[in-house]
Amino acid sequence: MKILVCISNVPDTTSKINFCDNDTKFDTNGVQFIMNPNDEFGLTRAMWFKEKQGAIVHIATVGAASVEPTMRKALAIGADEAFRIDMEPKDGFAVAEQLAALIKKEAYTIVIAGRESIDYNGGMVPGIIASLLDMNFINTCVSLDVDGEKATAIREIDGGKEYLETTLPIIIGGQKGLVEESDLRIPNMRGIMMARKKKLTVVPPIEVENSTADVSFDKPAAKGTVKLATSVDDLINMLHNEAKVI
Amino acid sequence: MAVLIYTESENGKLKKNALETASFGYAVAQQLGVEAIAVSFHTEEGSNLGAYGISKVYTIKQDSFKVFNAKAYSIAISQVAKKIGATAIIVSSSADTKYMAPLLAAKLKAGYVPNVIAAPESNEPFTVKRTVFSNKGFAHTQITTRIKVIGVSNNAFGVIENEVSITTEDFTITQGDVDTAVRSTKIDRVVDKATIADADIVVSAGRGLKGPENWGMIEELADVLNAATACSKPVSDLGWRPHGEHVGQTGKPVASNLYIAIGISGAIQHLAGVSASKIKVVINTDPDAPFFKAADYGIVGDAFDVVPELIEKLKDFKAQNA
């Protein structure tokens, strides 16, 4: 079993978001970067496959050298080997094409990506890879088990869950539920030391064309002040007569 | 040339988001000066879309499309898109569609932009406004491919009536193209309750509730308002409530008309995830809770006093306004 976990390097969930260069770029000044939470749930599930079913786990990130600390963290958690595709990720389709080229070359049978990255929220990378490589695909995946060539999974749907069966090779868009929050691992000193020696290969990008371009950004208008109700009757009255939502 | 709108249905009925997707698609078609054509699966309600500017609807009624399958649906929609020469395809933000749309985009070599909140800002270059950083910002994004797939944010553009005459036609997909490699074995779906994705009102509670045994009043309040129930991240992490109810940056986004937050202090990740809701109400004992800064209305008070009173008074209110 050879697994690839696709990992994005994203601003910490507590980050305040600002834009610079005339609002054409995300301002990384003072921003802490982390492993995309959806990807971390996937990586942790991959560690389970490694420990219980002898899987080999690789990770891949599309990005400049500045993403390597996040990749080293994934290696410290227990991934065996890493690939950094040396391209600034600006378009989900193009990122998927880069990863697809690596997946094809390395012949992974299970690919785990996050259902979306929490920066640009495109949510398209696993689906486009699935289509490009004709892999079986399950999105918003909250449970994955593999037995030989057979895979069983659960995906979250609006208002419930769907149980699915398929065969390898498979790609999933993962999220919380694949493992619990309490299963997430903090790298220990031994893991961190070992991660330094693990192979991190820089791969030149293949030639692709971007299908989209973010030309500028802005931020939501500041919120007005909250109106405090003096009683429950007052609240119902405001929601009915003023906000007209009940 | 045409704009193709995928209008979702469930149990034979058009979903609520289908009307918003159709309204948005009509606006795009008007702007491009082309026809707005819809595609749907297993519904007899397609002709209702004429009220939202759709002049033709293709309905796929083959048995193999009874249960949603992302790949099969993407193949079917791409066949309709090719038939009508669609240059823009409009889809919703439902879980099923966010699963299907990337497959469709890849099949048509189309640029795909989800979370779009307004009609295109320009045709040449084709530019749309979308949310990024979990609603903490907006991007103005150009799509440079010939065919474009646009995902419309829930409850952002709105449902807009534009009565036109509509024709309906059944559409048959070549059977060989139906994919069954991913098989659905069981669906567990709440049928008698509003979902977070669809509900006009969402009632959400946090750690201020002190324990899972206190959720009875939250469910009762949701019941009175015909609302969906949701919760904060710590509550789902503690196992008080199922993951499916977790709303916020790493959980589900909320874009309801009314969002009521009870005993939720308002961490930045939570506020981002629910910021697309139109009206936010906070009930919290702590007047300094950050959520009050992001809310429209609030009551400073103990949920265990306020919520039961709210339930009783809303019941009276509903009875009077029924």
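Definitions and cut-offs
- Think of each chain on its own: its residues are numbered from 1, step by step along the sequence as written.
- Each chain gets a letter, beginning with A, and each ligand a number, beginning with 1, in the order they are written.
- In keeping with the model being predicted, local features are shown solely for residues with a pLDDT of at least 70 and side-chain atom pairs are shown and tallied solely at 80 or more, while totals for entire chains, interfaces and linings include all residues.
- The term nonpolar core means buried Ala, Val, Leu, Ile, Met, Phe, Trp, Tyr and Cys residues held together as one set by C-beta atoms within 7 Å.
- Using C-beta atoms placed from the backbone, we call a residue buried if 20 or more other C-beta atoms fall within 10 Å of its own, exposed if 12 or fewer do, and partly exposed for counts in between.
- Bear in mind that the domain bounds are from an automatic or database domain assignment.
- Any two residues are considered in contact once their C-beta atoms, placed from the backbone, lie within 7 Å.
- Angles run from 0 to 180 degrees between N-to-C directions of axes, and those axes are lines fitted to C-alpha atoms, restricted for helices to the stretch in contact.
- The numbering of helices and of strands both runs from the N terminus, where a helix is a DSSP run of H or I of at least 4 residues and a strand a run of E of at least 2.
- When describing relative orientation, an angle under 35 degrees is termed roughly parallel and one over 145 degrees roughly antiparallel, while 65 to 115 degrees is termed roughly perpendicular and anything else oblique.
- Here is the rule for handedness: rotate from the far helix to the near one, and if that takes an anticlockwise turn smaller than a right angle the crossing is left-handed, while a clockwise turn gives right-handed.
- Under this grouping Gly is polar, as are all residues other than the nonpolar Ala, Val, Leu, Ile, Met, Phe, Trp, Tyr, Cys and Pro and the charged Asp, Glu, Lys and Arg.
- Should DSSP find at least two bridges between two strands, the strands are regarded as paired.

Q: So what exactly am I meant to see when it comes to the nonpolar core here?
A: The nonpolar side chains of a soluble globular protein tend to be buried, and buried together. Val5(A), Leu99(A), Val111(A), Ile129(A) and Ile54(B) are the most contacted members of the largest nonpolar core, which totals 173 residues. Here this core gathers at least three residues from each of two domains, domain 1 (2–177) and domain 2 (201–321) of chain B. Setting aside residues up to four positions removed in sequence, Leu99(A) forms contacts with Cys6(A), Ala60(A), Val62(A), Val125(A) and Ile129(A). Formed by seven residues, the second largest nonpolar core is a distinct cluster that contains Phe217(A), Val132(B), Phe138(B) and Ala139(B).

Q: Got a minute to help me understand the packing of helix α4 (residues 216–225) of chain B against helix α8 (residues 303–321) of chain B in this structure?
A: In a packed pair of helices, the relevant descriptors are the angle between the two axes and the axis-to-axis distance. Residues and elements named next belong to chain B. Viewed as axis vectors pointing N to C, α4 and α8 meet at an angle of 20 degrees, and their least axial separation amounts to 10 Å. One finds that α4 runs roughly parallel with respect to α8. Taken as a pair, α4 and α8 cross one another with a handedness that is left-handed. From α4, Met 217, Glu 220, Leu 221, Val 224 and Leu 225 reach across to α8, where they touch Val 307, Pro 308, Leu 310, Ile 311, Leu 314, Lys 315 and Lys 318. Residues belonging to the contact of α4 with α8 are distributed by class as follows: nine nonpolar, no polar and three charged.

Q: Would you mind showing me how to read the sheet that holds strand β10 (residues 150–157) of chain A here?
A: Neighbouring strands of a sheet are bound in pairs by backbone hydrogen bonds; such pairs are parallel or else antiparallel. Taken in spatial order, the 10 strands of this open sheet run β13(A)-β7(A)-β6(A)-β1(A)-β8(A)-β12(A)-β9(A)-β10(A)-β11(A)-β12(B), and their pairing is mixed. In this open sheet, the two strands that pair with only one neighbour each are β13 (200–203) of chain A together with β12 (183–189) of chain B. Adjacent strand axes in the sheet meet at a mean angle of 25 degrees, parallel and antiparallel pairs treated alike. As judged from the six bridges shared by strand β11 (residues 160–167) of chain A and β12(B), these two strands associate in the antiparallel manner. Residue pairing across strands places Gly160(A) opposite Arg189(B), the latter belonging to β12(B). On the sheet, helix α3 (residues 92–106) of chain A packs against β1 (2–6), β6 (56–62), β7 (81–85), β8 (110–114) and β13 of chain A and is oriented at approximately 150 degrees with respect to β6(A).

Q: Explain the domain arrangement of chain B here, please?
A: How large an interface is tends to be reported as the accessible area lost when its parts come together. Residues and elements named next belong to chain B. Here the domain parsing of chain B yields domain 1 (2–177) and domain 2 (201–321). Just the C-alpha atoms count here: the centres of domain 1 and domain 2 sit 32 Å apart. Facing the seven residues of domain 1 at the interface are seven residues of domain 2. A per-class count over the side of domain 1 that touches domain 2 returns one nonpolar, five polar and one charged.

Q: In this structure, what is going on with the pairing of strand β17 (residues 297–300) of chain B? I would like to understand it.
A: On any regular strand, side chains alternate: one points to one face of the sheet, the next to the other face. Bridge count for strand β15 (residues 227–228) of chain A against β17(B) is two bridges, and the pairing is parallel. Considered in β17(B), the bridge of Leu228(A) is made with Gly298(B). Pairing analysis gives four bridges linking strand β16 (residues 279–284) of chain B to β17(B), with the strands arranged parallel. Looking at the pairing, Asn284(B) lines up with Val300(B) of β17(B).

Q: Honestly, unusual backbone geometry in this entry has me stumped. Any pointers?
A: Both trends apply: most residues other than glycine have a negative phi, and most peptide bonds are in trans. For the bond from Leu168(A) to Pro169(A), the omega torsion is -5 degrees, close enough to zero to count as cis. With omega at -10 degrees, the peptide bond leading from Glu124(B) into Pro125(B) counts as cis. Relative to the helices and strands, Pro125(B) is located in the loop between β7 (111–116) and β8 (126–132). Backbone geometry places Asp23(A), a non-glycine residue, at a positive phi of 60 degrees. Even without being glycine, Thr140(A) reaches a positive phi, approximately 40 degrees. Looking at the element boundaries, Thr140(A) is found in strand β9 (residues 136–147).

Q: How do you make sense of the interface of chain A and chain B when you look at a structure like this?
A: Residue-level contacts link 64 residues of chain A with 71 residues of chain B. Take the side of chain A that touches chain B: its biggest share by element is eight residues, from β11(A). Across the side of chain A that touches chain B, the residue classes break down as 31 nonpolar, 19 polar and 14 charged. Relative to strand β9 (residues 137–143) of chain B, strand β14 (residues 212–218) of chain A runs antiparallel, the two being bridged by six bridges. In the strand pairing of β9(B), Phe217(A) is matched with Ala139(B).

Q: Please explain the pairing of strand β4 (residues 35–41) of chain B as it appears in this structure.
A: Residues and elements named next belong to chain B. The buried count for β4 comes to six of seven residues, which makes it a mostly enclosed element. In this sheet, β4 lies alongside strand β1 (residues 2–6) in parallel orientation, the contact comprising five bridges. Residue pairing in the sheet places Tyr 6 in a bridge with Val 39 of β4. As defined by bridge partners, β4 adjoins strand β5 (residues 56–60) across five bridges and the pair is classed as parallel.

Q: Explain the sheet that holds β15(A) to me, please; I cannot follow it from the model alone.
A: Within the open sheet, the six strands sit side by side as β15(A)-β17(B)-β16(B)-β15(B)-β13(B)-β14(B). Their pairing is parallel. Bordering the open sheet on either side are β15 of chain A together with β14 (228–231) of chain B, each of which pairs with just one other strand. Against the sheet, α8(B) engages β15 (258–262), β16 and β17 of chain B, with an angle of about 130 degrees to β16(B).

Q: When you look at the packing of helix α2 (residues 68–77) of chain A against helix α5 (residues 189–197) of chain A in this model, what are you seeing that I'm missing?
A: Residues and elements named next belong to chain A. Where α2 contacts α5, the two axes come as close as 7 Å, and the packing angle between them is 120 degrees. Overall, the two elements α2 and α5 adopt an arrangement that is oblique. Regarding α2 and α5, the two cross each other, and that crossing is right-handed. Contact residues: α2 offers Arg 72, Leu 75, Ala 76 and Ile 77, while α5 offers Gly 191, Ile 192 and Ala 195. Across the contact of α2 with α5, the residue classes tally to five nonpolar, one polar and one charged.

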